[in-house]
Amino acid sequence: MNIQDLEQTWINQFDKPLVIGGPCSAESEKQVMEIAEKLDKNYVQVFRAGIWKPRTKPGNFEGVGAIGLNWLKRVKDELGMPVATEVANASHARLALEFDIDYLWIGARSTVSPFIVQEIAEALRDTDKVVLVKNPVNPDLDLWIGALERLAAQGIKKLGVIHRGFSSHNKSKYRNEPQWQIALELKDKFPNLPILCDPSHITGRRDLIFEIAQQAFNLEYNGLMIETHCHPDEAWSDAKQQILPETLKEILVDLTLRKKNDTSDRYSTLLSQYRNEIDNIDNQLLGLLASRMDISKKIGKLKKEHNVAIFQADRWNVLKKLAIRNGVRMGLSKDFLDQLLVSIHKESVELQNQIMKE
Ligand code: PEP
Ligand code: MN
């Protein structure tokens, strides 16, 4: 079975975006039942709770283990809510199936490990449960796709992914950088693969959950997974990012859903006008870039004749500083300018290198 041939049918059963809510970790039967009861079933269709918790460092709470499966079962039987949990090895997977858990997800720390994914895939062979694959902690799209291929190869048809952000050495306001372009590339490759966003693990803090969830809807994601707890500050794991069931409902009510398209005349006329303008500007940009590279080549020849090195740090630093200052004044972001200039400079150096070799 191929990921391209997956049917999206399992997500189409929901007439609203799929929302999976519940605590990071199951802590006690009482805590699990209390949260599940408080979730508004009109907005949250599936209950989540981690019972095996892969923690970055030893000594932290590592989950209640298999006993938590009974608590999830109670949520399912008494509240009629489908339930979800993370499986991190083959024995978790077998136990989850035994307890009839409806949604199983593979965590970010497991997706990075082909052996683990393979053993989980084999344990779940031909299951009709939904299996969701979180992105690997590192920004590696192939690793993410590889995990999906391993599951698809075992006849698992109800697949989906969860975008939970990527860890990075740089400190930013997010716990895990969203790097939206990676998830969008996956969406582009496999348009039938349902994609959920996990704003809790992207942000690591509750005040940013709304903006990330809205961004996911702006990008036409199929749903959300959001950590919810009745006493968030006292949660045994991920306390800073968990929100009250009431807050989750407020967020869901306030989010604006975006449709795929709009058929009104106003929309299509304006859109094609703007797109024409963009196409024209892109052409001019490309023409200018080509002229700039021609001049770079002339400089390369001159340097070769005079035996001068290609890379001139002083010139590059001044050029970059000036361009960033001007660009920022024109309303462009520093990050964007940085990337653009580095990429133009890289190509220039490459061209001059070719000339030196001739
Ligand atoms: C979780 O969902 O609680 C979890 C551990 O997530 P991740 O694998 O994204 O870190
Ligand atoms: Mn968590």
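In the block above lies the structure referred to throughout.
Residues numbered from 1 in each chain as written. Chains lettered and ligands numbered in written order. Predicted model: local features only at pLDDT ≥ 70, side-chain atom pairs only at ≥ 80, totals over all residues. Heavy atoms only, no water.

Engineer: For this particular structure, what's the right way to read the pairing of strand E8 (residues 223-227)?
Structural biologist: For a regular strand, the rule is simple: side chains alternate between the two faces of the sheet. With five of five residues buried, E8 lies mostly within the body of the structure. The two faces of E8 match: Gly-223, Met-225 and Glu-227 on one face and Leu-224 and Ile-226 on the other face are all buried. Here strand E1 (residues 18-22) runs beside E8; their pairing, made up of five bridges, is parallel. Among the inter-strand pairings, Val-19 is bridged to a residue of E8, identified as Leu-224. (Buried < 20%, exposed > 50% of the residue type's maximum accessible area, 1.4 Å probe, protein only. Helix = DSSP H or I, 4+ residues; strand = E, 2+ residues; numbered from the N terminus. Pairing = 2+ DSSP bridges.)

Engineer: Looking at this structure, I do not really get the coordination of the manganese ion (ligand 2). What am I missing?
Structural biologist: Six octahedral donors around a metal ideally subtend angles of 90 or 180 degrees, whereas four tetrahedral donors ideally subtend 109.5 degrees. The coordination sphere of the manganese ion (ligand 2) contains the protein donors Cys-24 (SG), His-201 (NE2), Glu-227 (OE) and Asp-238 (OD), at a distance range of 2.1 to 2.4 Å. Counting along the primary sequence, the residues that act as donors to the manganese ion (ligand 2) give the motif C-x176-H-x25-E-x10-D. Taken together, the positions of Cys-24 in the loop between E1 and helix H2 (29-38) and Asp-238 in the loop between E8 and helix H11 (245-254) put the pair 214 residues apart, joining distant regions of the chain. In this structure, Cys-24 and Asp-238 share a single accessibility class: buried. (Donors = N, O, S within 2.8 Å, 3.2 Å for Na, K, Ca; no water.)

Engineer: How should I be thinking about the site of ligand 1 in this particular structure?
Structural biologist: Taken together, Cys-24, Arg-48, Lys-53, Glu-86, Trp-105, Gly-107, Ala-108, Arg-109, Lys-134, Arg-164, His-201 and Glu-227 make up all the residues around ligand 1. At 2.8 Å from an oxygen atom of ligand 1 is found a side-chain nitrogen or oxygen belonging to Lys-134. Within the side chain of His-201, an N or O atom sits 3.3 Å from an oxygen atom of ligand 1. Protein chains bury 96% of the 290 Å² of accessible surface belonging to ligand 1 in isolation. A per-class count over the shell around ligand 1 returns three nonpolar, two polar and seven charged. (Near = heavy atom within 4 Å. Polar contact = N/O pair within 3.5 Å; in protein donor to acceptor, adjacent residues only side chain to side chain. Areas by Shrake-Rupley, 256 points an atom, 1.4 Å probe, with all protein chains shown as cover. Nonpolar A, V, L, I, M, F, W, Y, C, P; charged D, E, K, R; others polar.)

Engineer: Where do I start with the side chain of Thr-228 in this structure?
Structural biologist: Position of Thr-228 relative to the elements: it lies in the loop between E8 and H11. Of the polar contacts made by the side chain of Thr-228, one reaches the backbone oxygen of Ile-226; its length is 3.0 Å. Beyond its immediate stretch of four places on either side in the chain, Thr-228 contacts Gly-21, Gly-22, Pro-23, Ile-35, Leu-39, Gln-242, Ile-243, Leu-244, Pro-245 and Leu-248. (Contact = heavy atoms within 4.5 Å.)

Engineer: Help me understand the pairing of strand E3 (residues 83-86), please; the structure alone is not making it clear to me.
Structural biologist: In E3, alternate side chains face the same way, and those of Val-83 and Thr-85 on one face and Ala-84 and Glu-86 on the other are all buried. Note that strand E2 (residues 46-48) and E3 share two bridges and pair parallel. Following the sheet pairing, Phe-47 is matched in E3 by Val-83. This β-α-β element, E2 to helix H3 (residues 67-79) to E3, shows right-handed connectivity. Relative to strand E4 (residues 103-106), E3 runs parallel, the two being bridged by three bridges. Along E4, the bridge assignment pairs Glu-86 with Trp-105. Chirality of the crossover, the property in question, places the unit of E3, helix H4 (residues 90-98) and E4 among those that are right-handed. (Right-handed = clockwise from strand over helix to strand, strands pointing away.)

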